[in-house]
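Read off the chains here:
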Amino acid sequence: MPAELPHARPAVDQLPAYRPGKGAAQAEAEHGITNAIKLASNENPDPPLDSILAAVAATAAGANRYADHRATAVRERIGTWLDVDPRSVTVGAGSVGLLQQLFLTFVDPGDEVVYPWRSFEVYPVYTRLMAGREVTTPLTADHAFDLDALAAAITPTTRMVLLATPNNPTGTALRTSELRELLQGVSPRTVVVIDEAYREFVDPALGDPVRELVPDFPNVVVTRTFSKAHGLAGIRVGYAIGHPDVIASIDKTLFPFAVNGLAQAAALAAIDAIDEIQVRVDRILAERSRVVSALMADGWQLPDAQANFVYLPLGERTDAIYLELEKRGVVTRPFSNEGIRVTIGSEEQNTRFLTTLAEVARPA
Ligand SMILES: *Cc1c(COP(=O)(O)O)cnc(C)c1O
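The numbers attached to residues start from 1 for each chain and follow its sequence in the written order. With the structure being a predicted model, the display of local features is reserved for residues of pLDDT at least 70 and the display and counting of side-chain atom pairs for 80 or more, all residues being used for whole-chain, interface and lining totals. Side-chain metrics rest on all non-hydrogen atoms present in the structure, leaving aside hydrogens and water.

A. Geometry of the pairing of strand β3 (residues 112-116). For the exposure calls, accessible area comes from a 1.4 Å probe over protein chains only, and a residue counts as buried if that area is under 20% of its type's maximum, exposed if over 50%, partly exposed in between. Under the DSSP-based scheme used, a helix requires at least four consecutive residues in state H or I and a strand at least two consecutive residues in state E, with every element numbered from the N terminus. Along β3, five of the five residues are buried, which leaves the element largely enclosed by surrounding structure. Here β3 shows a buried face lined by Glu112, Val114 and Pro116 and a second buried face lined by Val113 and Tyr115. Criterion used throughout: strands pair if DSSP finds at least two bridges between them. In terms of strand pairing, β3 meets strand β4 (residues 133-137) through five bridges, oriented parallel. Counterpart to Pro116 in the pairing with β4 is Thr137. Of the strand pairs in this sheet, β3 and strand β5 (residues 158-164) are connected by three bridges, and their pairing is parallel.

Here it is in structure tokens:
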């Protein structure tokens, strides 16, 4: 060991590492089992559509060249698809890439960042990385966002608010009417990020923030992704919609060529195949209903599930139940002493989860 090493910034030193969901192979190795299934990262159970794979393969032949830094074609295609001005669209390396850009754009050391907790794990990581000040609000008894608590926590000095709807990991979603009411009390200088990574799985009756909120609130930025519904988690492409001037600021923080050519080709092909993707989403929604009904019939209580996963608030039984499931090859995502999040997989995988859960635990 050298006597001295370079010191990381204190903000980095104190940072917990991002913990991705455990893979099936790792669980198999740890428990000496085979046939484990991963329901831990809210991935799509189906591989990408053939048309997307073909577009990616064709683009790979040109990988000796840098891709278009701005992903212009993807912005324009998203603009047409969602009927918004392409200047109000940006594209990033997954929506977590865009979230990082939002922090780089708006949060200075000491700036206040407000979000409900528990929510998406990268929010505290990015806040601490920027040496921002975390202000969290509790969830309600139903594991949903407490809008009164949020309204009280957001002040004129708040720089950014982060709202995942549906929330990860609890799965509950906000109505755009509720968001509108909240936004009416928020300073136009405060950036409000609406993280819609699971947009495609939400009951459409809850509304559409891009249509209903972005035109009226220039401080709102909506982030979305091709990772979940479109089955492209491994290729890293997401997008954000907001006021063109806000988008232009965010664009300055994109590291060069962050959205690679394969990701751009995949995004374009995914939009071209949106009807086929909808069929797959509908299948996941039908499976979600089946899983929720089966769990409720067994006596489990769970919050409203608006994404491609269910959340079981198991409290202090969480770690033990998680481990028993994993030993039997069903890998879920535990939040110690709070609950487990279980991705909706294929029909066979979901049935395996349900039968394994019934083997290892009964509702309290
Ligand atoms: C999965 C997820 C994302 C992000 O994903 P990308 O793969 O980076 O697009 C963003 N927000 C939430 C709340 C998520 O659960």
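B. Region of the structure containing the sheet that holds strand β8 (residues 238-241). Strand order in the open sheet formed by seven strands is β2-β8-β7-β6-β5-β3-β4, and the pairing between neighbours is mixed. The strands lining the two open edges of the sheet, one partner per strand, are β2 (89-92) and β4. Pairwise comparison of adjacent strand axes, ignoring direction, gives a mean angle of 20 degrees for this sheet. Note that strand β6 (residues 191-195) and strand β7 (residues 220-225) share four bridges and pair parallel. Bridging from a neighbouring strand, Asp195 pairs with Thr223 of β7. Note on contacts: a residue pair is in contact if any heavy atoms of the two residues lie within 4.5 Å. Helix axes are fitted only over the stretch in contact, all axes being lines through C-alpha atoms; the angle between N-to-C directions runs from 0 to 180 degrees. Sitting on the sheet, helix α4 (residues 72-82) is in contact with β2, β7 and β8, with an inclination near 130 degrees to β2.

C. Structural detail: the site of the ligand. Note on definitions. A residue lies near a molecule or strand when any single heavy atom of the residue is within 4 Å of it. The ligand sits among Gly94, Ser95, Val96, Phe120, Asn168, Asp195, Ala197, Tyr198, Thr225, Ser227, Lys228 and Arg236. Polar contacts, as used here, are pairs of N or O atoms within 3.5 Å; protein pairs need one atom able to donate a hydrogen and one able to accept it. Residues neighboring in sequence count only if both atoms are side-chain atoms. Between the ligand and Thr225, the relevant distance is 2.5 Å, taken from an oxygen atom to a side-chain nitrogen or oxygen of the residue. Among the cavities detected, the one that contains the ligand is the largest pocket. Ten residue types, Ala, Val, Leu, Ile, Met, Phe, Trp, Tyr, Cys and Pro, are classed as nonpolar, four, Asp, Glu, Lys and Arg, as charged, and the remainder, Gly among them, as polar. Taken together, the residues that form the shell around the ligand break down as four nonpolar, five polar and three charged. Cavity means a closed set of points on a 1 Å grid over the protein atoms alone, one where a 1.4 Å probe fits but cannot get out, pocket means an open set with protein on both sides within 12 Å along at least 5 of 7 lines, and lining means a residue has an atom within 4 Å of a point. Here the criterion for a molecule occupying a pocket or cavity is that more than half of its atoms lie within 2 Å of the pocket grid points.

D. Inspection of unusual backbone geometry at higher detail. The amide bond that connects Trp117 to the next residue, Arg118, takes the cis arrangement and shows omega of 20 degrees. Tracing the sequence through the fold places Arg118 in the loop between β3 and α6 (122-129). Located in the positive-phi region is Asn42, a residue other than glycine, with phi close to 60 degrees. Of note, Asn42 is situated in the loop between β1 (37-38) and α3 (50-60). Residue Asn42 is classed as buried on the basis of its relative accessible area of 1%. Positive phi values are uncommon outside glycine, yet Ala71 reaches one of about 50 degrees.

E. Quick look at the packing of helix α5 (residues 94-106) against α6. Contact geometry for α5 and α6: axes closest at 10 Å, N-to-C directions at 35 degrees. Between α5 and α6 lies a crossing of right-handed hand. In contact with Val96, Leu99, Gln100 and Phe103 of α5, α6 contributes Val122, Tyr123, Tyr126, Thr127 and Leu129. By definition, any crossing whose near helix is turned counterclockwise from its far helix by less than a right angle is left-handed, and any crossing with a clockwise turn is right-handed.

F. Expanded view of the nonpolar core. Remark: nonpolar core denotes a set of buried residues (Ala, Val, Leu, Ile, Met, Phe, Trp, Tyr, Cys) joined through side-chain atoms within 4.5 Å. Counting 76 residues, the largest nonpolar core has Ile78, Leu295 and Phe353 as its most contacted members. Among the domains, domain 1 (10-47 + 275-360) and domain 2 (50-273) are the pair contributing at least three residues each to this core. The residues contacting Phe353, other than those within four sequence positions of it, are Leu39, Val291, Leu295, Leu312, Leu325, Val330 and Val342. The split into domains, and so the bounds of each, comes from an automatic or database assignment of domains.

G. Representation of the domain arrangement of the protein in the model. With domains assigned, the protein is organised as domain 1 (10-47 + 275-360) and domain 2 (50-273). Between domain 1 and domain 2, the contact holds 29 residues from the first and 29 residues from the second. What gets called buried area is simply the loss in accessible area from a 1.4 Å probe that two parts show on being joined, summed for both. Roughly 2,500 Å² of surface becomes buried between domain 1 and domain 2 when both sides are summed, with 63% attributable to carbon and sulfur atoms. A side-chain nitrogen of Lys or Arg and a carboxyl oxygen of Asp or Glu constitute a salt bridge if their distance falls within 4 Å. The tally of links from domain 1 across to domain 2 stands at two salt bridges. Between Arg118 and Glu338 there is a salt bridge; the shortest N-O distance is 2.8 Å. Take the side of domain 1 that touches domain 2: its biggest share by element is seven residues, from helix α12 (residues 274-297). Looking at the side of domain 1 that touches domain 2, its residues break down into 16 nonpolar, five polar and eight charged.

H. Summary view of the pairing of β5. Taken across its seven residues, β5 has six buried, putting it largely inside the fold. Here five bridges tie β5 to β6, and the two strands are oriented parallel to one another. Counted as the bridge partner of Leu162 is Val193 from β6.

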